[in-house]
Amino acid sequence: MHLLPVPVLTPADVAAAADRIAGRVRPVAVTPAGGGGARLALELLQHTGSFKARGAQNFVRAHREAGTLPAAGVTIASGGNAGLACAWAAREAGVRATVFLPENAPAVKVARLRGYGAEVRSVGREYAEALAACEEFAADSGALASHAYDHPLIAAGAGTLLAEIRRQVPELDTVVVSVGGGGLFAGVATAAREHGVRTVAVEPEHCRALNAALAAGHPVDVPVDSVAADSLGARRASMTALHAAQEGDVHSVLVPDEAIVRARRALWDGHRLAVEHAAATAFAALGTAYRPAPDETVCVVLCGANTDPATLAD
């Protein structure tokens with residue numbers, strides 16, 4: 001049986017992305033978490049409200065540099081944040097964006113997509129259904145198909161976070177990230193491995209695509225059922241993410257929805273940070289699913305803020 005090569009992301013890919021998007025994204029702010037050596041990387045303050053802006057900007061700019069950005073624009077299937085980032089990056093580049101997303105995507109994300117000038121098409125209840133419709137549209141229209149997480153340019157853009165964190169926290173031992181399909185994780189873990197930094201990959205108990213792939217030795221389909229499924233609800237992890245998890249100093253951990261909800265509320269009550277459940281997933285692992293050593297310097301990436309703040313009063 002012929003096996004396709006594993007798409008390997010390299011530190012050089014991440015460095016090239018950093019050069020390409022310099023001045024086009026907001027450098028991440030890092031702040032103490034309020035105890036011990038823990039820090040919070042406030043990527044929720046990024047353009048479009050999430051880290052996805054990095055990958056989208058890298059994807060669009062790389063194609064513009066190569067002369068492969070078509071008149072039909074770009075298209076993407078997304079639970080919300082990647083679509084927002086793609087629409088924003090397309091608008092910045094002066095091209096159209098058509099975004100496919102599940103029918104259950106939060107209304108706040110749909111409204112913002114339209115605010116960026118994107119055409120929004122709602123299809124099915126899960127990401128996989130929206131992705132199939134997006135692929136068909138790309139084939140028919142000639143639009144350039146991006147991806148929410150499974151593309152080397154997207155993952156490399158996300159990985160630019162790590163160098164920015166290390167510039168502010170040079171003693172960094174461990175970075176903690178939430179995982180859906182694995183774009184953020186793959187980029188950050190690739191960059192972290194070069195510097196001897198551990199990566200903790202955190203998933204909801206019932207959205208465990210990377211954890212299941214590690215157990216099986218290859219990507220597998222998993223059920224999607226979590227309060228954080230709008231952002232972390234990928235049915236399977238990318239091969240790039242699995243390779244990054246197998247090569248580096250990586251810890252895969254799971255957290256229950258109850259802990260995610262508590263963490264989200266704690267970030268609001270203790271820091272006045274209104275984050276989406278995906279961002280709270282990483283924070284929920286700290287001190288529970290992952291217990292740092294007393295002298296360990298840890299940074300938790302708060303990856304997004306596209307949420308309804310009214311729900312924090314529940």
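Here, the structure is the one placed above.
Parameters and conventions
Residues numbered from 1 in each chain as written. Predicted model: local features only at pLDDT ≥ 70, side-chain atom pairs only at ≥ 80, totals over all residues. Heavy atoms only, no water. Core = buried A, V, L, I, M, F, W, Y, C linked by side-chain atoms within 4.5 Å. Buried < 20%, exposed > 50% of the residue type's maximum accessible area, 1.4 Å probe, protein only. Disulfide = S-S within 2.5 Å. Helix = DSSP H or I, 4+ residues; strand = E, 2+ residues; numbered from the N terminus. Pairing = 2+ DSSP bridges. Right-handed = clockwise from strand over helix to strand, strands pointing away. Phe/Tyr/Trp six-rings, centres within 6.5 Å; stacked < 30°, edge-to-face > 60°. Lys NZ or Arg CZ within 6 Å of the ring centre and 35° of its normal. 1 Å grid on protein atoms, 1.4 Å probe; cavity = no way out; pocket = protein on both sides within 12 Å on 5 of 7 lines; lining within 4 Å. Points joined across faces, edges and corners; volume = space filled by probe spheres on them. Nonpolar A, V, L, I, M, F, W, Y, C, P; charged D, E, K, R; others polar. Axes fitted to C-alpha atoms, helices over the stretch in contact; angles between N-to-C directions. Contact = heavy atoms within 4.5 Å.

### Focus: the nonpolar core
- Core analysis: the biggest nonpolar cluster contains 68 residues, and L40, F185 and L302 have the highest contact counts within it.
- In this structure, A53, A97, L144 and Y149 belong to the second largest nonpolar core, which totals 43 residues.

### Things to note about the state of the cysteines
- Across all of its chains, the model carries zero disulfides by this definition.
- Free of any disulfide, C134 has its nearest cysteine sulfur in C86, 8.5 Å distant.
- Residue classification places C134 among the buried positions, given a relative accessible area of 2%.
- C303 forms no disulfide, and the closest cysteine sulfur to it belongs to C299, at a distance of 12 Å.

### Some words on the pairing of strand β7 (residues 174–178)
- Counting buried positions along β7 gives five out of five residues, so the element sits mostly inside the fold.
- On β7, burial covers both faces: T174, V176 and S178 on one face and V175 and V177 on the other are all buried.
- One ladder, built from five bridges, connects β7 with strand β8 (residues 198–204); its direction is parallel. Bridge pairing in β8 places S178 opposite V202.
- A crossover connection joins β7 to the parallel β8 through helix α7 (residues 183–194); in handedness this β-α-β unit is right-handed.
- Relative to strand β10 (residues 298–301), β7 runs parallel, the two sharing three bridges. When the sheet's bridge partners are listed, T174 is paired in β10 with V298.

### A look at the packing of aromatic side chains
- Summed over all chains, the structure comprises one aromatic pair.
- Centroid distance F100 to F137: 5.6 Å. Interplanar angle 55°. Geometry classified as tilted. On the criterion of sequence distance, the pair formed by F100 in strand β4 (residues 97–101) and F137 in helix α5 (residues 127–141) is long-range, its members being 37 residues apart. For the pair F100 and F137, a shared accessibility class is recorded, and that class is buried.
- It is R272 that lies over the ring of W268; its NZ or CZ is 4.4 Å from the centre.

### Regarding the layout of surface pockets
- If you add up the space inside the largest pocket, you get close to 520 Å³.
- Considering the residues around the largest pocket, the lining is formed by 36 residues, among which A229, D230, S231, L232 and G233 are closest to the centre.
- Elements that contribute at least two residues to the lining of the largest pocket include exactly α3 (81–93), α7 and α9 (229–232).
- Ranked by the residues each element gives to the lining of the largest pocket, the list is headed by α9, at four residues.
- Partitioning the lining of the largest pocket into residue classes produces 17 nonpolar, 13 polar and six charged.

### Details of the sheet that holds strand β2 (residues 38–41)
- Read from one edge to the other, the open sheet built from six strands follows the order β1-β2-β10-β7-β8-β9, with strand pairing classed as mixed. Each edge of the open sheet is held by one strand with a lone partner, namely β1 (30–32) and β9 (250–255). The sheet shows a mean angle of 25° between the axes of neighbouring strands, direction not considered.
- Inspection of the sheet shows β1 paired to β2 by three bridges, in the antiparallel sense. Note on β2: the bridge partner recorded for P32 is R39.

### What about the sheet that holds β4?
- A sheet is described by the order of its strands in space; here four strands give the open sequence β5-β4-β3-β6, paired in parallel fashion. The sheet is open, and its two borders are formed by β5 (119–122) and β6 (144–145), each paired with just one other strand.
- Pairing of strand β3 (residues 74–77) with β4 involves four bridges; the strand directions are parallel. Within β4, the position partnered with A77 by the bridge is F100.
- Sheet contacts for α3: β3 and β4; angle to β3, the most-contacted strand, approximately 170°.

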